[in-house]
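Structure at a glance
Next come the chains, spelled out residue by residue.
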Amino acid sequence: MNENVLNIGVVGYCPPTQFDAVEARRMIEDAYSQIETLFPEKSKTVVSGLTNVGVLAIAYAAAVERGWKTVGIACKRAEEHELFPVDEKKIVGENWGDESEAFLASIDVIVRIGTGPQSMREAQRCRDDGKLALEYDLPTTM
């Protein structure tokens, strides 16, 4: 990884889970602002699950607004959904979760919005590896 670039992993709710998108956006902006303060000298890249849905879509849009690069790492099944026009795309494996190791290896920091099982596992792995984890428990609205 480039030492002048901070790779920010973002994980969180995707449909069919319903959540407050305004609150999710606030949480993402809060996390991004904290990251800017902690790592002002680094350029930022947001790495997420490639799809243009749920928390991922919000995270990518907020990154683009800040002028940050975007990367999508996902399994082949992600291509069944609308994709965000990321700067770089990596397809790893066939099924949901197959991409998890590649995703974790590619990030320096993780932002978790919500409490889905894969998001919780990935945030825990980052904490276990000594990486910064900014975590927000966003309730579902279902």
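For the structure given in this document, a descriptive report is provided here. Every value quoted in this text rests on a predicted model; they were computed, and no experiment measured them.

Glancing now at the pattern of salt bridges. Enumeration over the complete set of coordinates arrives at 14 salt bridges. The shortest N-O distance in the salt bridge between Lys-76 and Glu-79 comes to 2.8 Å. With a relative accessible area of 41%, Lys-76 lands in the partly exposed category. For Glu-135, the salt bridge identified is with Arg-112, shortest N-O distance 2.8 Å. In this pair, Glu-135 is assigned in strand S6 (residues 132–136) and Arg-112 in strand S5 (residues 109–113), connecting sequence segments 23 residues apart. A relative accessible area of 28% means that Glu-135 is categorised as partly exposed.

Turning our attention to helix H2 (residues 54–65). The end-to-end C-alpha distance of H2 is 17 Å, a good match for the 16 Å that twelve residues give at a rise of 1.5 Å each. For H2, the buried fraction is high: nine of the twelve residues fall into the buried class. Turning to H2, its buried residues are Gly-54, Val-55, Leu-56, Ala-57, Ile-58, Ala-59, Tyr-60, Ala-62 and Ala-63. Here the buried face of H2 lies against strand S1 (5–12), helix H1 (21–38), strand S2 (43–48), strand S3 (69–74) and S5. One or two steps after H2, the chain reaches Gly-67, where phi turns positive at roughly 80 degrees.

Turning to the sheet that holds S5, a few remarks are in order. Ordered in space as S4-S3-S2-S1-S5-S6, the six strands form an open sheet in which the pairing is parallel. Of all the strands in the sheet, just strand S4 (88–91) and S6 have a single pairing partner and so form its edges. Between one strand and the next, the sheet's axes are offset by a mean angle of 20 degrees, whatever the strand orientation. Bridge count between S3 and S4: four bridges; the pairing is parallel. Residue Ala-74 lies in a different strand from S4, and its bridge partner there is Ile-91.

Glancing now at the state of the cysteines. Following the criterion strictly, the structure yields zero disulfides and no others. Sulfur of Cys-75: no disulfide; nearest cysteine sulfur belongs to Cys-14 and is 11 Å away. Cysteine Cys-126 remains unbridged, with the sulfur of Cys-14 as its closest cysteine sulfur at 17 Å.

Tyr-32, Val-111 and Ile-113 are the most contacted members of the largest nonpolar core, which has 30 residues in total. Going through the elements one at a time, S1, H1, H2, S5 and S6 are the ones with two or more residues in this core. If we ignore the near neighbours within four places in the chain, the residues touching Val-111 are Ile-8, Gly-9, Val-10, Val-11, Ala-31, Ile-35, Leu-134 and Tyr-136. Listed in part, the ten residues of the second largest apolar core include Ile-73, Phe-103, Ala-123 and Cys-126.

The rules behind the values
Residues numbered from 1 in each chain as written. Predicted model: local features only at pLDDT ≥ 70, side-chain atom pairs only at ≥ 80, totals over all residues. Heavy atoms only, no water. Salt bridge = Lys/Arg side-chain N within 4 Å of Asp/Glu carboxyl O. Buried < 20%, exposed > 50% of the residue type's maximum accessible area, 1.4 Å probe, protein only. Helix = DSSP H or I, 4+ residues; strand = E, 2+ residues; numbered from the N terminus. Expected span 1.5 Å × (residues − 1). Contact = heavy atoms within 4.5 Å. Pairing = 2+ DSSP bridges. Axes fitted to C-alpha atoms, helices over the stretch in contact; angles between N-to-C directions. Disulfide = S-S within 2.5 Å. Core = buried A, V, L, I, M, F, W, Y, C linked by side-chain atoms within 4.5 Å.

In short, the description is geometric, and any link to function would need to be established separately.
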